[in-house]
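Geometric and topological summary
Spelled out, the chains give:
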Amino acid sequence: MEDISLHILDIVENSLNAGASTVTVRIRDDDGEGIFSFETEDDGKGIPDGLEEKAADPFYTTRSTRSVGLGLSLLAQAAQETGGTISIGRAEHGGTLVAATFNKHHVDMKPLGDIAATFLVLIVGNPDVDFRFSYVRNKKSFSLDSREIKNALEGSPLNSSPSISVIKQYLDEAFTYLGSDVV
């Protein structure tokens, strides 16, 4: 995968395929410490006990449609190339928790990509799923809860053109506030 936003999209899509109705994504981006990290947590069916270590193996998958599962292994490779780490485990409420940490000053650090667009695609493409996003960059932060957006839109579907415009504008403003090099 070319950038970190695509890794986040892939991990969240795994959550959705596992039946998650709520997905939380937390991002921490600290220039001073040189750390970029994210974690996803969901309430899906979770990884079966004892298989957490196998989940990042490219030749292991629970899918019946193909014999390899590359998403987590590519994420692990991207993190480890920067001296970072990945962990995969059970979330507090039974789903899956994936956490990845990167050394953002390492020569092999992938670009962040368009994280705002990733959030937008996830929200409007999955209007029945509750998404919670938080992004802390240095001393600035923003958070978004799709349930609050649904309430504010007063019944207008999240994937309607006016709703998409409102969500996109909010995300653009939030990422501008965090810093121009975030997107």
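Since the model is a prediction, treat every value here as computed from it, not as a measurement.

About the criteria used
Residues numbered from 1 in each chain as written. Predicted model: local features only at pLDDT ≥ 70, side-chain atom pairs only at ≥ 80, totals over all residues. Heavy atoms only, no water. Axes fitted to C-alpha atoms, helices over the stretch in contact; angles between N-to-C directions. Helix = DSSP H or I, 4+ residues; strand = E, 2+ residues; numbered from the N terminus. Left-handed = near helix turned anticlockwise from the far one by under 90°. Contact = heavy atoms within 4.5 Å. Nonpolar A, V, L, I, M, F, W, Y, C, P; charged D, E, K, R; others polar. Salt bridge = Lys/Arg side-chain N within 4 Å of Asp/Glu carboxyl O. Buried < 20%, exposed > 50% of the residue type's maximum accessible area, 1.4 Å probe, protein only. Parallel < 35°, antiparallel > 145°, perpendicular 65-115°, else oblique.

Bringing the packing of helix 1 (residues 4–17) against helix 2 (residues 71–81) into the picture now. Put simply, helix 1 and helix 2 touch, their axes get as near as 10 Å, and they point 145 degrees apart. Along this stretch, helix 1 crosses helix 2, giving a crossing that reads as left-handed. Across the interface between the two elements, H7, D10, I11 and N14 from helix 1 touch G71, L72, L74, L75 and A78 from helix 2. Here the contact of helix 1 with helix 2 is built from residues that sort into five nonpolar, three polar and one charged.

Inspection of the entire model under this criterion finds twelve salt bridges. Linking D145 and R132 is a salt bridge whose minimum nitrogen-to-oxygen distance equals 3.7 Å. In this pair, D145 sits in strand 6 (residues 140–145) while R132 sits in strand 5 (residues 130–137), placing the two residues 13 residues apart along the sequence. The salt bridge involving K168 is made with D172; its shortest N-O contact spans 2.8 Å. Taken as a pair, K168 and D172 lie in helix 5 (residues 161–178) at a separation of four residues, close to a single helical turn.

This part is about unusual backbone geometry. Not every positive phi belongs to a glycine, and N138 is a case in point at roughly 55 degrees. Take N138: it is sitting in the loop between strand 5 and strand 6. With a phi angle near 45 degrees, E154 is a residue other than glycine that sits in the positive phi range. Mapping E154 onto the fold places it in the loop between helix 4 (146–152) and helix 5. A residue is classified by how much of its surface remains accessible, and E154, at 71% relative accessible area, is exposed.

Quick look at the packing of helix 1 against helix 3 (residues 115–125) now. At a minimum axis distance of 9 Å, the contact between helix 1 and helix 3 shows a crossing angle of 20 degrees. Comparing their axes, helix 3 and helix 1 come out roughly parallel. As helix 1 packs across helix 3, the resulting crossing turns out to be right-handed. In this structure, helix 1 uses S5, L9 and V12 to contact helix 3, whose residues at the interface are I115, T118 and L122. When its residues are assigned to classes, the contact of helix 1 with helix 3 shows four nonpolar, two polar and no charged.

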